[in-house]
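# Fold and geometry: a report
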Amino acid sequence: MGLLDGKVAVVTGAARGIGQATAVKLAANGADLALCDLQTDWLAETAEKVAALGRRVECVQMNVAEADDVTRAVGEIEQAFQRIDIWVNNAGITKDGLLMRMTPEDWDNVLDINLKGAFLCTKAVARIMMKQRSGSIVNVASIIGLIGNPGQCNYAASKAGLIALTKSVAKELAARNIRANAVAPGFISTKMTDALSEEVRQKMLANIPLKRFGSPEDVANVIAFLAGDEAAYVSGQVVTVCGGMVT
Ligand SMILES: NC(=O)c1ccc[n+]([C@@H]2O[C@H](COP(=O)([O-])OP(=O)(O)OC[C@H]3O[C@@H](n4cnc5c(N)ncnc54)[C@H](O)[C@@H]3O)[C@@H](O)[C@H]2O)c1
């Protein structure tokens, strides 16, 4: 018996990194999965891992920043599974630069995907969860949304906004038995962080009390807990997954 047996879960940005690890963890706990990313063929590796666990899996193309795309994709998922119990807003990008050099395009791009994307997806899935009178939404924020970071004012603002969105949605939808929580990962080894220089990586490591970078699985474990019924009395919370960096 898995903790998520019989549940249908959706993960955005599921092609790799934290999204892939989350999809695999939710499947290992018994959930069937709809995987979303910009292109369906990018999802093949994640889909194979989910299928190997004996769970049903559907790959759905979705650009979270495009309202029409989100509406269509959520419709396809609803048609395929008839319900959605868990939604993980994981898709996200960085476009780093110092404030004085940041272009309005780089600001908009990050806010559109990281924050507006989560709003569009939450609104679309809330319609289904409200009908069901149950559901769990987990948003993948960042410790940068709590503490800020030089060179990431767009990213920090998007993740701080996502945390505020989480808390508001939690309050608004609680009466329909829908929970919303956020995880705030610290420095996790993925393609997003591979791009950082060795110097920056060493500086970050010096500030992590547990003395290691996190793995996508470290984050996925917390997402799976928040997504499932073991967290039935947890809503509107932000759980940091950062090796003790932010306390
Ligand atoms: N890696 C870290 O250290 C770290 C730390 C804190 C928070 N996060 C957050 O975790 C999430 C996942 O990060 P990751 O490190 O696994 O990144 P990643 O770049 O490895 O994966 C992100 C995924 O999102 C998809 N994506 C990007 N734009 C999209 C869009 N418009 N529509 C749909 N899918 C889209 C990408 O194709 C990719 O598969 C992000 O929200 C990120 O901000 C990561």
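Refer to the structure printed above.
Residues numbered from 1 in each chain as written. Predicted model: local features only at pLDDT ≥ 70, side-chain atom pairs only at ≥ 80, totals over all residues.

In this section: the site of the ligand. Close to the ligand lie 28 residues, the nearest being G13, G17, G92, T190 and M192. For the shell around the ligand, the secondary-structure elements that each account for two or more residues are α1 (17–28), α4 (104–132) and α7 (191–194). (Near = placed C-beta within 6 Å. Helix = DSSP H or I, 4+ residues; strand = E, 2+ residues; numbered from the N terminus.)

Contact pair α1 / helix α9 (residues 216–227): the axes reach a minimum separation of 8 Å and the direction vectors enclose 50°. Here α1 is positioned oblique relative to α9, judged by the angle of their axes. Note that α1 runs across α9; the crossing there is right-handed. Taking contact as the criterion, the partners of G17, I18, Q20, A21, T22, K25 and L26 in α1 are, on α9, P216, E217, V219, A220, N221, I223, A224 and A227. Of the residues that constitute the contact of α1 with α9, the class distribution is nine nonpolar, four polar and two charged. (Axes fitted to C-alpha atoms, helices over the stretch in contact; angles between N-to-C directions. Parallel < 35°, antiparallel > 145°, perpendicular 65-115°, else oblique. Left-handed = near helix turned anticlockwise from the far one by under 90°. Contact = placed C-beta atoms within 7 Å. Nonpolar A, V, L, I, M, F, W, Y, C, P; charged D, E, K, R; others polar.)

Okay, unusual backbone geometry next. The phi dihedral of Q82 falls on the positive side, at around 70°, and the residue is not glycine. Looking at the element boundaries, Q82 is found in the loop between α3 (67–81) and β4 (86–89). We classify Q82 as exposed; it has 10 C-beta atoms within 10 Å. Of note, the phi angle at R133 is positive, near 60°, even though the residue is not glycine. (Buried ≥ 20, exposed ≤ 12 C-beta atoms within 10 Å, placed from the backbone.)

What follows covers the environment of K171. Positionally, K171 belongs in helix α6 (residues 153–173). Taking the number of C-beta atoms within 10 Å as the measure of exposure, K171 has 12 and is therefore exposed. Between the alpha carbons of K171 and A157 there is a distance of 21 Å; along the sequence they are 14 residues apart.

Let us now look at the pairing of strand β2 (residues 32–37). For β2, the buried fraction is high: six of the six residues fall into the buried class. Of the two faces of β2, both are covered, the one formed by D32, A34 and C36 as well as the one formed by L33, L35 and D37. Direction of pairing for strand β1 (residues 8–12) relative to β2: parallel, over a ladder of five bridges. Across the sheet, the residue bridging to T12 is C36, located in β2. For the segment spanning β1, α1 and β2, crossover handedness is right-handed. Here β2 runs beside strand β3 (residues 57–61); their pairing, made up of five bridges, is parallel. Within β3, the position partnered with A34 by the bridge is E58. Running through helix α2 (residues 44–52), the crossover from β2 to the neighbouring parallel element β3 is right-handed. (Pairing = 2+ DSSP bridges. Right-handed = clockwise from strand over helix to strand, strands pointing away.)

Side chains I86 and V88 of β4 all project onto a buried face; the interleaved residues W87 and N89 project onto the opposite face, where all are buried too. Alignment of β4 against strand β5 (residues 135–140), held across four bridges, turns out to be parallel. Bridge pairing links W87 to I137 in β5. Regarding the hand of the β-α-β motif, the stretch spanning β4, α4 and β5 is right-handed.

With that settled, the discussion passes to α6. The terminal C-alpha atoms of α6, which comprises 21 residues, lie 30 Å apart, in line with the 30 Å expected from a rise of 1.5 Å per residue. The inward-facing, buried residues of α6 abut α4, β5, α5 (144–147) and β6 (178–185). (Expected span 1.5 Å × (residues − 1).)

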